[in-house]
Amino acid sequence: MSEIPSSLSVFRIGTDMRTRTSAALIAAVLLAAVACNRINPTTIVSGEVLSGVETVYVISPATALDTAVVAQDGRFEVEIPSCVTALVSVECGADILQFVADGSDITVDFQEGKVFSSKKKGIQSRFNELVDTFVNFTDEYKNGIQEIYSDETLTQEERAGKAEEYSNGKISEIKDVLETVIRKNPDNIVGVQAFLQASMLADNDLEIKSYLDLLGPEVLELEQVKATAAALAVREGSGEGCMFTDFAVNSVVGFKADGSQIVKPVCLSDYVGQGKYMLVDFWASWCGPCRAEIPNIIDVYENFAGDRFDVLSIAVWDEPEKSFEAAQEEGVCWNQIVCTVEDRTIPTEKYGIEGIPQIMLFAPDGTIVARGLRGEAIAAKVAEVLGL
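These lines cover the structure that appears in this document, whether it is placed above or below. (Residues numbered from 1 in each chain as written. Predicted model: local features only at pLDDT ≥ 70, side-chain atom pairs only at ≥ 80, totals over all residues. Heavy atoms only, no water.)

What follows deals with the overall build of the protein chain. The secondary structure content of the protein chain amounts to eleven helices and 15 strands. Principal-axis analysis of the C-alpha atoms gives the protein chain an extent of 75 × 50 × 40 Å. Of all 388 residues assigned to the protein chain, the portion counted as buried reaches 48%. Restricting the contact set of the protein chain to residue pairs at least 6 apart, pairs at least 24 apart contribute 66%. Roughly 18900 Å² of accessible area belongs to the protein chain as shown, and the carbon and sulfur atoms make up 50% of that amount. Taking the 31 positively charged and 60 negatively charged side chains of the protein chain as two groups, their mean positions are separated by 4 Å. (Helix = DSSP H or I, 4+ residues; strand = E, 2+ residues; numbered from the N terminus. Buried < 20%, exposed > 50% of the residue type's maximum accessible area, 1.4 Å probe, protein only. Contact = heavy atoms within 4.5 Å. Areas by Shrake-Rupley, 256 points an atom, 1.4 Å probe, with all protein chains shown as cover. Lys, Arg positive; Asp, Glu negative; His and termini not counted. Charge placed at Lys NZ, Arg CZ, Asp CG, Glu CD.)

This is the structure in structure tokens:
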């Protein structure tokens, strides 16, 4: 299972400079709003600006809107096209909030970092409920795990067992909640956000597929949903029993005295399909669960590495300098591919990996023996295939 996401990352985000369009564009894209859903074609957005801010920027990629609104007497108001399958961003200085243009009157509160809707049961209100639910779940989850590991009456083994039981229970609870949200919102951004979170917590691809089947045809065409569906399709061709898919990347193998990278082109086939069982760990330095698995991999490497078995780590979604530092800290002493920033998504795209760690075992001929190995299951599977 992937690392528990901290929260729905939909409220405060960074800012950059954009080309602003005139207010005339609003009228030009009103027709696009009708296609987004059967709601009021426009949404009124208003609120108080922060001190020292004179202009607010409203950006809605789904309706090609990027406009500036000049505040008057410390307040702003703008009418924009409605669209419930995407989020709209509103910038006030360095602060940005996101909301759903659901045809209601939207009030933006930059002081509190919140968005309110005139419709208590509208899509924006449902969106707020989803965010609150997931934030509360995350807090409860972390507090519960911390409480277990702070219990000095338990042995380390008892803590680990109790934590696993607690984790499985809480994740099962939130997945049930998210599935209900998807069922109730199959054609809007609330269902999409619930789907993305549920997919991250899913135990297997069949579970993700079940969530995908709940979504309506319009949201199935959204890029973020299509990406998950595409990854599912990739994994269907790279599951147990399938031959490995090769890829080529530039790997950082060291650094010069001036700090510049020493880069070498490598392929997965340099290691996999070379006559040994190969355990491959896709990981990143910032991923807590990834680093928590390294001691398990060390044990497997020390107990089984030899003429018939070896290990390969592939650092993805990371900066090479941080990968090297973390590998040294964790005691990684086996083969490594440290992808350059430009190539860091290639390995995961080839194998439809959406969450790390992803630990796979390949047979000597390159056939995939297992995916998603974790904890004690790693050593058990390696011992099994080696006949030990």
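Right, let's get into the pairing of strand 10 (residues 261–267). As paired strands, strand 9 (residues 248–255) and strand 10 are joined by seven bridges and run antiparallel to one another. If you follow Ser251 over to strand 10, its bridge partner there is Lys264. Here strand 9 folds back onto strand 10, and the loop between the two strands holds five residues, one of which, Gly259, carries a positive phi near 90°. (Pairing = 2+ DSSP bridges.)

Spatially, five strands are ordered 13-12-11-14-15 in an open sheet, and the strand pairing comes out mixed. Of all strands in the sheet, those bounded by a partner on one side alone are strand 13 (335–338) and strand 15 (368–370). Direction aside, the axes of adjacent strands within the sheet are offset by 25° on average. As judged from the five bridges shared by strand 11 (residues 277–283) and strand 14 (residues 358–362), these two strands associate in the antiparallel manner. Bridge pairing in strand 14 links Val280 to Met360. Those strands touched by helix 8 (residues 288–304) are strand 11, strand 12 (309–315) and strand 14, and its axis lies near 165° from that of strand 11. Running over the sheet, helix 9 (residues 320–330) touches strand 11, strand 12 and strand 13 and is turned about 155° from strand 13. (Axes fitted to C-alpha atoms, helices over the stretch in contact; angles between N-to-C directions.)

In the structure shown here, the tally under the stated rule is 15 salt bridges. The closest approach of N and O atoms between Glu207 and Lys175, which form a salt bridge, is 2.7 Å. Within this pair, whereas Glu207 is found in helix 6 (residues 205–212), its partner Lys175 is found in helix 4 (residues 156–184), the two being separated by 32 residues in sequence. The residues Glu207 and Lys175 share a single accessibility class, namely buried. Between Arg235 and Asp205 there is a salt bridge whose closest N-O contact spans 2.8 Å. Here the residue Arg235 occupies a position in helix 7 (residues 223–236), and Asp205 occupies one in helix 6, the gap between them amounting to 30 residues. On the basis of relative accessible area, Arg235 is assigned to the buried category, the value being 10%. (Salt bridge = Lys/Arg side-chain N within 4 Å of Asp/Glu carboxyl O.)

A sheet is described by the order of its strands in space; here four strands give the open sequence 3-2-5-6, paired in antiparallel fashion. Single-partner strands in this sheet number two, and they are strand 3 (65–70) and strand 6 (95–101). Looking at each pair of strands side by side, their axes are set apart by 20° on average, direction ignored. Sheet topology places strand 2 (residues 55–60) next to strand 3; six bridges connect them, and they run antiparallel.

Ranked by size, the top nonpolar core spans 50 residues in total, and within it Leu279, Phe282, Phe309, Ile314 and Tyr351 carry the most contacts. Excluding residues that lie within four positions of it along the chain, Tyr351 makes contacts with Val234, Arg235, Ser238, Phe244, Thr245, Phe247, Leu268, Phe282, Met360, Phe362, Ile368 and Arg371. Counting residues in each nonpolar core, the second largest holds 35 residues, with Leu130, Ala202, Tyr211 and Val219 among its members. (Core = buried A, V, L, I, M, F, W, Y, C linked by side-chain atoms within 4.5 Å.)

Its 17 residues place the ends of helix 8 25 Å apart at the C-alpha level, agreeing with the 24 Å of an ideal helix rising 1.5 Å per residue. Maximum bend of helix 8: about 30°, positioned at Pro295. Where the residues of helix 8 are buried, they touch strand 11, strand 12, helix 9, strand 14 and helix 11 (376–386). (Expected span 1.5 Å × (residues − 1). Bend = angle between axes of the 7 residues up to and from the residue.)

As a further point, take the packing of helix 3 (residues 123–149) against helix 5 (residues 189–201). Closest axis-to-axis distance for the helix 3/helix 5 pair is 9 Å, and the angle between their directions is 20°. By the angle between their axes, helix 3 is roughly parallel relative to helix 5. The hand of the helix 3/helix 5 crossing is left-handed. Contact residues: helix 3 offers Ile123, Arg126, Phe127, Leu130 and Phe134, while helix 5 offers Val190, Gln193, Ala194, Gln197 and Leu201. (Parallel < 35°, antiparallel > 145°, perpendicular 65-115°, else oblique. Left-handed = near helix turned anticlockwise from the far one by under 90°.)

With the rule as written, the count across this model stands at nine aromatic pairs. Relative to Tyr166, the ring of Tyr141 lies with its centre 6.4 Å away and its plane at 40°, an arrangement referred to as tilted. Taken as a pair, Tyr141 in helix 3 and Tyr166 in helix 4 lie far apart in primary sequence, 25 residues in all. Classification of Tyr141 as buried rests on a relative accessible area of 14%. Exposure remark for Tyr166: the relative accessible area of 24% places this residue in the partly exposed category. For the pair Tyr301 and Trp334, a centre-to-centre distance of 5.5 Å together with 50° between the ring planes defines the contact as tilted. (Phe/Tyr/Trp six-rings, centres within 6.5 Å; stacked < 30°, edge-to-face > 60°.)

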